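# Reading the structure
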There are 2 protein chains.
Amino acid sequence: MLEKTMRMNYLYDFYQALLTPKQRNYMTLYYLDDYSLGEIAEQYKVSRQAVYDNIRRTEAMLEQYEEKLGLLQKYERRQQLIGRLKDYVRQHYSADAELAALVNELDELD
Amino acid sequence: MLEKTMRMNYLYDFYQALLTPKQRNYMTLYYLDDYSLGEIAEQYKVSRQAVYDNIRRTEAMLEQYEEKLGLLQKYERRQQLIGRLKDYVRQHYSADAELAALVNELDELD
């Protein structure tokens, strides 16, 4: 469950701009603010089932976007490489602040 | 016009997975293979106007995706930084093949 929550948080980060405002609201409350389905249902005056269905559909949409665009996968590959580059620079050129700054800038871009 | 063609080629690269097969076919013929609207219309047995409308709508969709996800913009920023990093490594550590390989790997990831 924790792993699913983390993955949904990441996918939400990458693809939230493609969701409707309602989908964004439910996902934020459920995954980021840790509301229960019942609490969201109460707040929006809808049934718990309606909230559940909406969130499940949104999760499926996020997975479909990831299948098509692969932004999370590409991000992870880039982060892994940048990590290796950072380690290498730290080990071999720890006195070169300019090089470290360039690598950090690249890291912060993501 | 050339600038628009280049931009559409880039946007198509990033977002083609979100288009329908028909949209992909028209865009490929028009922008990559340089067919005229008339030639595409003939091949698909539709009016020239239908092809024109489909391509204009697809262009608008691609721009909307870019507004929401900004993949081209992020790519350009990353490429610019990787370019600076490559130049720096070449100027200061031209003998370090391992460092150059790491930076190249990062470049090729995009």
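Everything numeric in this text was worked out from a predicted model, so none of it was measured. (Residues numbered from 1 in each chain as written. Chains lettered and ligands numbered in written order. Predicted model: local features only at pLDDT ≥ 70, side-chain atom pairs only at ≥ 80, totals over all residues. Heavy atoms only, no water.)

### Remarks on the side chain of Glu59(A)
Residues and elements named next belong to chain A. Inspection of the secondary structure assignment puts Glu59 in helix α4 (residues 48-69). You can call Glu59 buried: its relative accessible area is 6%. Polar contacts involving the side chain of Glu59 include one to the side chain of Lys4, which spans 3.0 Å. Of note is the side chain of Glu59, whose polar atom sits 2.3 Å from the side chain of Tyr31. Those residues in contact with Glu59 that lie beyond four places of it in its chain are Lys4, Met8, Met27 and Tyr31. (Helix = DSSP H or I, 4+ residues; strand = E, 2+ residues; numbered from the N terminus. Buried < 20%, exposed > 50% of the residue type's maximum accessible area, 1.4 Å probe, protein only. Polar contact = N/O pair within 3.5 Å; in protein donor to acceptor, adjacent residues only side chain to side chain. Contact = heavy atoms within 4.5 Å.)

### A word on the interface of chain A and chain B
Between chain A and chain B, the residue contacts involve 25 residues of the former and 26 residues of the latter. For chain A, the biggest contributors to the area lost against chain B are Leu81(A), Tyr88(A) and Leu102(A); these three give 22% of the whole. Taken together, chain A and chain B are joined by two salt bridges. One salt bridge in this structure joins Glu105(B) and Arg84(A), with 3.5 Å as the shortest N-O distance. Where chain A packs against chain B, one counts four residue pairs in polar contact (both at pLDDT 80 or more). Elements supplying a minimum of two residues to the side of chain A that touches chain B: α4, α5 (71-92) and α6 (97-109) of chain A. By residue number, the principal contributor to the side of chain A that touches chain B is α5(A), which donates nine residues. Each residue belonging to the side of chain A that touches chain B can be placed in one class, and the counts come to 17 nonpolar, no polar and eight charged. (Buried area = accessible area lost by both parts, 1.4 Å probe. Salt bridge = Lys/Arg side-chain N within 4 Å of Asp/Glu carboxyl O. Nonpolar A, V, L, I, M, F, W, Y, C, P; charged D, E, K, R; others polar.)

### Description of the pattern of salt bridges
Inspection of the entire model under this criterion finds twelve salt bridges over all chains. Its salt-bridge partner being Glu59(B), residue Arg56(B) comes within 3.0 Å of it at the nearest N-O pair. Here Arg56(B) pairs with Glu59(B), and both are found in helix α4 (residues 48-69), just three residues apart, close to one helical turn. We classify Arg56(B) as partly exposed; its relative accessible area is 29%. Bridged by salt links that share partners, the residues Lys4(A), Arg56(A) and Glu59(A) form one connected network.

### Quick look at helix α1 (residues 2-15) of chain B
If you check α1(B), its first and last C-alpha atoms are 20 Å apart, about what 14 residues at 1.5 Å a residue would give, namely 20 Å. Thr5(B), Met8(B), Leu11(B), Tyr12(B) and Tyr15(B) are the residues of α1(B) that are buried. The buried residues of α1(B) occupy an angular sector of 130° when the element is viewed end-on, so they sit on one face. The exposed residues of α1(B) that point more than 90 degrees off its buried face are Leu2(B), Glu3(B) and Asp13(B). Considering only its buried residues, α1(B) is in contact with α4 of chain A together with α2 (21-32), α4 and α5 (71-92) of chain B. (Expected span 1.5 Å × (residues − 1). Arc of directions from axis to C-beta.)

### A closer look at the nonpolar core
Judged by nonpolar contacts, the single largest core of 44 residues is most densely connected at Tyr15(A), Ile55(A), Leu62(A), Tyr15(B), Ile55(B) and Leu62(B). Core analysis: the next-biggest nonpolar cluster, separate from the first, contains 20 residues, Leu85(A), Val89(A), Leu102(A) and Leu106(A) among them. (Core = buried A, V, L, I, M, F, W, Y, C linked by side-chain atoms within 4.5 Å.)

### Some thoughts on the relation of the copies chain A and chain B
Once chain A is rotated about the relating axis by 180° and shifted along it by 0.0 Å, it coincides with chain B to within an RMSD of 0.0 Å. Here the two chains are linked by the operation of a two-fold rotation axis. Counting the interface residues of chain A, we find that 100% of their copies in chain B are interface residues as well, pointing to one common contact surface. (Least-squares fit on C-alpha atoms with pLDDT ≥ 70 in both.)

### Considerations on the environment of Tyr65(B)
By the secondary structure assignment, Tyr65(B) is in helix α4. Tyr65(B) sits in the buried class, given a relative accessible area of 16%. For the pair formed by Tyr65(B) and Phe14(B), sequence separation is 51 residues and the distance between their alpha carbons is 9.4 Å. Beyond its immediate chain neighbours, meaning those up to four positions away, Tyr65(B) contacts Leu18(A), Tyr15(B), Leu18(B) and Gly70(B).

### Re helix α3 (residues 37-44) of chain B
Residues and elements named next belong to chain B. Within the span of α3, buried status applies to Leu37, Ile40 and Ala41. The buried residues of α3 occupy an angular sector of 100° when the element is viewed end-on, so they sit on one face. For α3, the secondary structure elements touched by its buried residues are α2 and α4. After α3 finishes, the residue Lys45 shows a positive phi value of roughly 55°.

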